[in-house]
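# Fold and geometry: a report
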Amino acid sequence: RQEQYHKLRDVPCVTRDGVPFELHMNAGLLVDLRHAEETGATSIGLFRTELQFMIVSQFPRIQQQYDFYTSAFAAVPGKPITFRTLDIGSDKVLPYMTQTEEENPALGWRAIRISLDRPALLRMQLRALLRAGAGRDVRIMFPMVAIVDEFVRAKDLAMREIAYLKRHGYGVPRDLQLGAMVEVPALLWQLDEISERADFLSVGTNDLIQYMFAADRENKHVSSRFDSLSAPLLRALRSIVETAARHNTPVTLCGEMGGQPLEALALLAIGFHKLSMSPSSIGPVKAALLSADVSALKKLVNGLIDAKDGAKSIRDAVQKFA
Ligand code: PEP
Ligand code: MG
């Protein structure tokens, strides 16, 4: 199997009926980045920067962060990296930061909420990232955006860091793209506004599913209770691609869902052409998408999710088609 997938590495990403797609890779630590070459991933579509913060014993100083991001760029020459700013809180704990007891940590003080309440931490990370990316194309995205204003404020901090670096004679990125993760359902009703303001969107289905179905992603009793291949989620996801397309805002999906072949087929059918996944998923997903007839798949999937039949799972139908 592995060998078979390896052979696919250099095969262009185009479906049987000529529809191009892109497969990107999720990573968190520098060691993950060696998989970029062997899998042939187009880019690092999600770099979870908090993992580096979780394995050290104190909050990394700006120079350490700078060295880390510089090493990341050096590890994948020619491949862009989409850095996600610190997504801490909930299940991701920094041992050296005092945790406040929370009744519902997944709904608590986390991710961009911490970043905006403690802007010095975010500014330090942005400064390190932007300095490491001097002269390069840099992509940064913010996790857990619930209202557009949070994105606007985070973007403003990034712009202030660019001004700071210029003022102090440091190099700055050649190009900077700032994106928002779509993983909090409230953002589904602000898609026009966020698509207008963000340079790109990245859909985090792990959290989006957890919040849409009110099912804790860490709780085995409920985490697989609702099928992601069913109308409620697929309709929501389709509205994201459609709105983003109207604004010419590129959109990627980086949740685990995109790394499963049947899910990837359904996602392609509703318009997701860029998926980011763990390295081991790239081979199986590529094999599935290469063999797909997208126009037939589109008809099937859209027909099923629009059917007013109680929004049942469409998994069996997609499986049969595949
Ligand atoms: C997600 O929520 O889908 C996601 C990609 O981010 P994480 O799994 O790190 O929360
Ligand atoms: Mg998430």
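All values reported here derive from a predicted model rather than from experimental measurement.

We now examine the overall build of the chain. When helices and strands are tallied, the chain shows 15 helices and eight strands. For the chain, the C-alpha radius of gyration of 20 Å lies close to 20 Å, the compact-globule estimate for 322 residues. Here the C-alpha coordinates of the chain stretch approximately 60 × 45 × 35 Å along the principal axes. Expressed as a percentage of the 322 residues in the chain, the buried residues total 40%. In the chain, the share of contacts with a sequence separation of at least 24, taken over all contacts with a separation of at least 6, comes to 70%.

What follows covers the packing of helix H12 (residues 261-269) against helix H13 (residues 279-290). Relative orientation of the contacting elements H12 and H13 amounts to 45°, with a least axis distance of 9 Å. Overall, the two elements H12 and H13 adopt an arrangement that is oblique. Both H12 and H13 take part in a crossing whose hand is right-handed. Judged by residue contacts, Pro261, Ala264, Leu265 and Leu268 of H12 engage Pro284, Val285, Ala288 and Leu289 from H13. For the contact of H12 with H13, a count of residues per class yields eight nonpolar, no polar and no charged.

Every residue lining ligand 1 is accounted for by Leu46, Arg48, Asp87, Glu183, Gly204, Thr205, Asn206, Asp207, Cys254 and Gly255. Mapped by element, the contributors of at least two residues to the shell around ligand 1 are strand E2 (44-48) and helix H9 (205-212). Take the shell around ligand 1: its biggest share by element is three residues, from H9. Split into classes, the residues belonging to the shell around ligand 1 amount to two nonpolar, four polar and four charged.

This part is about the pairing of strand E8 (residues 274-277). Neither face of E8 is exposed, since Lys274 and Ser276 on one face and Leu275 and Met277 on the opposite face are all buried. As paired strands, strand E1 (residues 22-27) and E8 are joined by four bridges and run parallel to one another. Along E8, the bridge assignment pairs Met25 with Met277.

So, about the packing of helix H4 (residues 62-75) against helix H6 (residues 119-132). One way to put it is that H4 packs onto H6 with a least axis distance of 8 Å and a crossing angle of 40°. When the interaxial angle is binned, H4 and H6 end up oblique. Judged by the sense of rotation from one axis to the other, the crossing of H4 with H6 is right-handed. Residue-level contacts link Ile62, Gln65, Tyr66, Tyr69, Thr70 and Phe73 of H4 to Met124, Gln125, Arg127, Ala128, Leu129, Arg131 and Ala132 of H6. Grouping the amino acids of the contact of H4 with H6 by side-chain chemistry returns eight nonpolar, three polar and two charged.

Looking at H9, one finds that the buried residues are Thr205, Asp207, Leu208, Ile209 and Gln210. On its buried face, H9 sits against strand E5 (175-182), strand E6 (200-203), helix H11 (231-246) and strand E7 (251-253). Directly after H9, the chain includes Ala214, whose backbone phi takes a positive value near 50°.

All right, on to the pairing of E2 then. Extensive coverage of E2 is indicated by the burial of five of its five residues. Here E1 pairs with E2 via three bridges, running parallel. Each bridged residue has a counterpart across the sheet, and for Met25 the counterpart in E2 is Ile44. The pairing of E2 with strand E3 (residues 81-84) spans three bridges and is classified as parallel. Residue pairing for E3: Phe47 is matched across the bridge by Phe83.

For the rest of this paragraph, the subject is H13. The end-to-end C-alpha separation of H13 is 17 Å, in line with the 16 Å expected for twelve residues at 1.5 Å each. When we look at burial in H13, the residues that qualify are Ser281, Ile282, Gly283, Val285, Lys286 and Leu289. Tucked into the core, H13 has its buried residues touching helix H1 (2-8), E1, helix H2 (35-39), H12 and E8.

Following the sequence through the fold, Ala41 ends up in the loop between H2 and E2. The exposure class assigned to Ala41 is buried, which follows from the 24 C-beta atoms found within 10 Å. Beyond its immediate sequence surroundings of up to four residues, Ala41 is in contact with Leu23, His24, Met25, Ala36 and Ile282.

Relative to the helices and strands, Met124 resides in helix H6. Its 18 C-beta neighbours within 10 Å are what place Met124 among the partly exposed residues. As for Met124 and Ile62, which are separated by 62 residues in sequence, their C-alpha atoms are 6.1 Å apart.

Parameters and conventions
Residues numbered from 1 in each chain as written. Chains lettered and ligands numbered in written order. Predicted model: local features only at pLDDT ≥ 70, side-chain atom pairs only at ≥ 80, totals over all residues. Helix = DSSP H or I, 4+ residues; strand = E, 2+ residues; numbered from the N terminus. Rg over C-alpha atoms; globule rule 2.2 N^0.38 Å. Buried ≥ 20, exposed ≤ 12 C-beta atoms within 10 Å, placed from the backbone. Contact = placed C-beta atoms within 7 Å. Axes fitted to C-alpha atoms, helices over the stretch in contact; angles between N-to-C directions. Parallel < 35°, antiparallel > 145°, perpendicular 65-115°, else oblique. Left-handed = near helix turned anticlockwise from the far one by under 90°. Nonpolar A, V, L, I, M, F, W, Y, C, P; charged D, E, K, R; others polar. Near = placed C-beta within 6 Å. Pairing = 2+ DSSP bridges. Expected span 1.5 Å × (residues − 1).

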